[in-house]
Amino acid sequence: QSALDRIQRLDGDLNSFISVTTEQALADADAADQARAAGDAAALAGLPLALKDIFCTQGVRTSCGSKMLDSFVAPYDATVVEKIRQAGGVSLGKTNMDEFAMGSSNENSFYGPVKNPWDLSAVPGGSSGGSAAAVAAGLVPAALGTDTGGSIRQPAAFCGITGLKPTYGRVSRYGMVAYASSLDQGGPMARTAADCALLLETIAGHDVRDSTSVARVVPDYSAELDTSLAGLKIGLPKEYFGDGLDPEVETAVREAIKVYESLGAKVCEVSLPHTHLAIPAYYVIAPAEASSNLSRYDGVRFGHRCEDPTDLEDLYKRTRAEGFGEEVKRRILIGTHTLSEGFFDAYYLKAQQVRRLIRQDFLDAFDEVDVLMGPTAPTPAFDLGAQKDPVSMYLQDIYTIAVNLAGIPGISVPAGFAGNRPVGLQVLAPHFAEAQLLGVAHQFQ
Ligand code: GLN
């Protein structure tokens, strides 16, 4: 009830929630109280949480930040939602996001922008900006986000919280509305790494309903948080400290790295030579997959349908023209173009080859070091409305996007401030080394 009251009091300014599910939350909280009284409380019993509005929830609208799905109510729960419920977690509602997770500032939502709780004139980052702002403002202790090219880590950095993108395949994507299926991954956003560990333990694992989820034991992340960092080898990718990095962000990140040295870690420089190709490759691959995934919104099966269509083609055209926002349309156009006959080899196939090189860069670096560290984003949170052209917005993701192309895990850890705006330290590790990331983040906190 106190979390719901706080949402009521503060979210008018922040706009971090699209739907608040008060009745369901109170009923679930009662059930958790009863379980606790009966002595069989599960790991998250009674914990208030929020879900990015990309996770399907039975009986509750799942809008994906889009007019297209404004009236869509899923007939089932996403696997991660089911797991949270089974663990006694209490969802308070669905958080705001960039439409179909396309964006880095949360300004692309049909439901309006979210504001950064540290400074209401700043963006919270995106696309999981609602989840990040809700946690940062203390509306909920933890939330789920998704990360296709940085959408957990960058808003976590902008809002001064901890956000983990797990290894591709660690967490089931069943019931998570698809943006770019080979890149999408759900994960925890919370104030601390310890809270992220608890949430990841709950949501990770193989799922027969997602063939890309990996059948691999889920470690006890919480138990490994204090594993000693003495002798840890940290690599600083030189490409992550070059032109375009805000000096105050760089200072905060370098100060954080000194703390690790004082804990016994060894630091050296490494190179990820194909870094400059990550954004171009991503903006071919992600829109290609998106154009295919979003073809299902045709006015027939889900959500929005235009009024009085004259024929099938008119139904498709007007439904999609009315239902999708500008950025989503831009991505569909890019995606259908790069997949079209005559361009496929030059764009899509080439981007897949580049993707392979980017992945190899990380594997080579991890032959030398245990983890990589650098800034999560090149700048602190920018002002609402400040990034006007799409390419400058895409450049926000310069340090986060390659991680999704490689499928490795990454975490953003709060590491001080630039002025009044938080800075995130990004830590990257080999596939399935989430325990290491969480331990590294925890011991800084
Ligand atoms: N900002 C990137 C994009 O717009 C990444 C978004 C995400 O990770 N969902 O595609």
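Our structure is the block above this text.
This report concerns the structure included in the present document. (Residues numbered from 1 in each chain as written. Predicted model: local features only at pLDDT ≥ 70, side-chain atom pairs only at ≥ 80, totals over all residues. Heavy atoms only, no water.)

### A short note on helix H14 (residues 434-444)
Three or more residues of H14 are buried, namely Glu 434, Ala 435, Leu 437, Leu 438, Gly 439, Val 440 and Ala 441. For H14, the secondary structure elements touched by its buried residues are strand E5 (162-165), helix H6 (193-203), helix H7 (247-262), strand E9 (371-375), strand E10 (410-418) and strand E11 (421-428). (Buried < 20%, exposed > 50% of the residue type's maximum accessible area, 1.4 Å probe, protein only. Helix = DSSP H or I, 4+ residues; strand = E, 2+ residues; numbered from the N terminus. Contact = heavy atoms within 4.5 Å.)

### A word on helix H2 (residues 22-37)
Under the 1.5 Å per step criterion, the end-to-end length of H2 is 22 Å for 16 residues, consistent within 8% with the ideal 22 Å. If you check which residues of H2 are buried, you get Ala 25, Asp 28 and Ala 32. An end-on view of H2 places all buried positions within 70° of arc, on one side of the element. In H2, the exposed positions that point more than 90 degrees away from the buried face belong to Glu 23, Gln 34 and Ala 37. Where H2 is buried, its residues contact helix H3 (79-86) and strand E3 (90-95). Immediately downstream of H2, the backbone of Gly 39 shows phi near 80°, a positive value. (Expected span 1.5 Å × (residues − 1). Arc of directions from axis to C-beta.)

### Description of the side chain of Asp 361
Along the chain, Asp 361 turns up in helix H11 (residues 345-368). For the buried Asp 361, no salt bridge is present, and the opposite-charge side chain at shortest range is Lys 238, 10 Å distant. From its side chain, Asp 361 meets the backbone nitrogen of His 274 in a polar contact 2.7 Å long. With sequence-adjacent residues up to four places away left out, Asp 361 is seen in contact with Leu 272, Pro 273, His 274 and Thr 275. (Lys, Arg positive; Asp, Glu negative; His and termini not counted. Salt bridge = Lys/Arg side-chain N within 4 Å of Asp/Glu carboxyl O. Polar contact = N/O pair within 3.5 Å; in protein donor to acceptor, adjacent residues only side chain to side chain.)

### Topic: the pattern of salt bridges
Applying the stated criterion across every chain, the model contains 18 salt bridges. A salt bridge links Glu 82 to Arg 209, with the nearest nitrogen and oxygen atoms 3.4 Å apart. Within this pair, whereas Glu 82 is found in helix H3, its partner Arg 209 is found in the loop between H6 and strand E7 (233-237), the two being separated by 127 residues in sequence. Owing to a relative accessible area of 39%, Arg 209 belongs among the partly exposed residues under this scheme.

### Re empty space enclosed by the protein
Where empty space is left can be seen by rolling a probe of water-molecule size over the atoms. This structure, assessed with the given rule, holds two cavities of 30 Å³ or more. For the largest cavity, the calculated volume is near 80 Å³. Taken together, 14 residues form the lining of the largest cavity, with Gly 103, Ser 104, Ser 151, Tyr 282 and Asp 397 sitting closest to its centre. Looking at side-chain class alone, the lining of the largest cavity contains five nonpolar, seven polar and two charged residues. What the second largest cavity holds in volume is close to 40 Å³. Forming the walls of the second largest cavity are Ala 157, Phe 158, Val 249, Thr 376, Ala 377, Thr 379, Pro 380, Pro 422, Val 423 and Gly 424. Elements with a minimum of two residues in the lining of the second largest cavity: helix H5 (153-159) and E11. Residue contributions to the lining of the second largest cavity peak at three residues, all from E11. Looking at side-chain class alone, the lining of the second largest cavity contains seven nonpolar, three polar and no charged residues. (1 Å grid on protein atoms, 1.4 Å probe; cavity = no way out; pocket = protein on both sides within 12 Å on 5 of 7 lines; lining within 4 Å. Points joined across faces, edges and corners; volume = space filled by probe spheres on them. Nonpolar A, V, L, I, M, F, W, Y, C, P; charged D, E, K, R; others polar.)

### Some details on the packing of helix H8 (residues 278-293) against helix H10 (residues 326-339)
Relative orientation of the contacting elements H8 and H10 amounts to 100°, with a least axis distance of 7 Å. One element, H8, and the other, H10, form an angle in the roughly perpendicular class. Across from Tyr 283, Val 284, Pro 287, Ala 288 and Ser 291 in H8, the residues of H10 making contact are Arg 331, Ile 332, Ile 334, Gly 335, Thr 336, Thr 338 and Leu 339. Its residues assigned to classes, the contact of H8 with H10 shows seven nonpolar, four polar and one charged. (Axes fitted to C-alpha atoms, helices over the stretch in contact; angles between N-to-C directions. Parallel < 35°, antiparallel > 145°, perpendicular 65-115°, else oblique.)

### Describing the site of the ligand
As a matter of local geometry, the ligand sits amid 15 residues, with Gly 149, Ser 151, Tyr 179, Tyr 282 and Asp 397 nearest to it. A distance of 2.8 Å separates a nitrogen atom of the ligand from a polar atom in the backbone of Ala 101. Contacts to the ligand include Tyr 283, whose side-chain N or O atom sits 3.4 Å from an oxygen atom. When the free accessible area of the ligand is taken as 290 Å², the share hidden by the protein chains comes to 99%. (Near = heavy atom within 4 Å. Areas by Shrake-Rupley, 256 points an atom, 1.4 Å probe, with all protein chains shown as cover.)

### Description of the pairing of strand E8 (residues 266-270)
The pairing of E7 with E8 spans five bridges and is parallel. Across the sheet, Leu 236 pairs through a bridge with Glu 269, a residue of E8. With H7 bridging E7 and its parallel neighbour E8, the resulting β-α-β unit is right-handed. (Pairing = 2+ DSSP bridges. Right-handed = clockwise from strand over helix to strand, strands pointing away.)

### Section: the nonpolar core
Phe 100, Phe 362, Met 373, Leu 425 and Leu 438 are the most contacted members of the largest nonpolar core, which totals 102 residues. Of the residues forming this core, the biggest block, nine residues, is contributed by H8. Apart from the residues lying within four places of it in its own chain, the contact partners of Leu 438 are Leu 164, Ala 193, Cys 196, Ala 197, Leu 200, Tyr 221, Leu 225 and Ile 411. By size, the runner-up hydrophobic cluster in this structure holds 21 residues, among which are Ala 137, Val 140, Ala 143 and Met 189. (Core = buried A, V, L, I, M, F, W, Y, C linked by side-chain atoms within 4.5 Å.)

Scope: geometric values only; no functional claims are made or implied.
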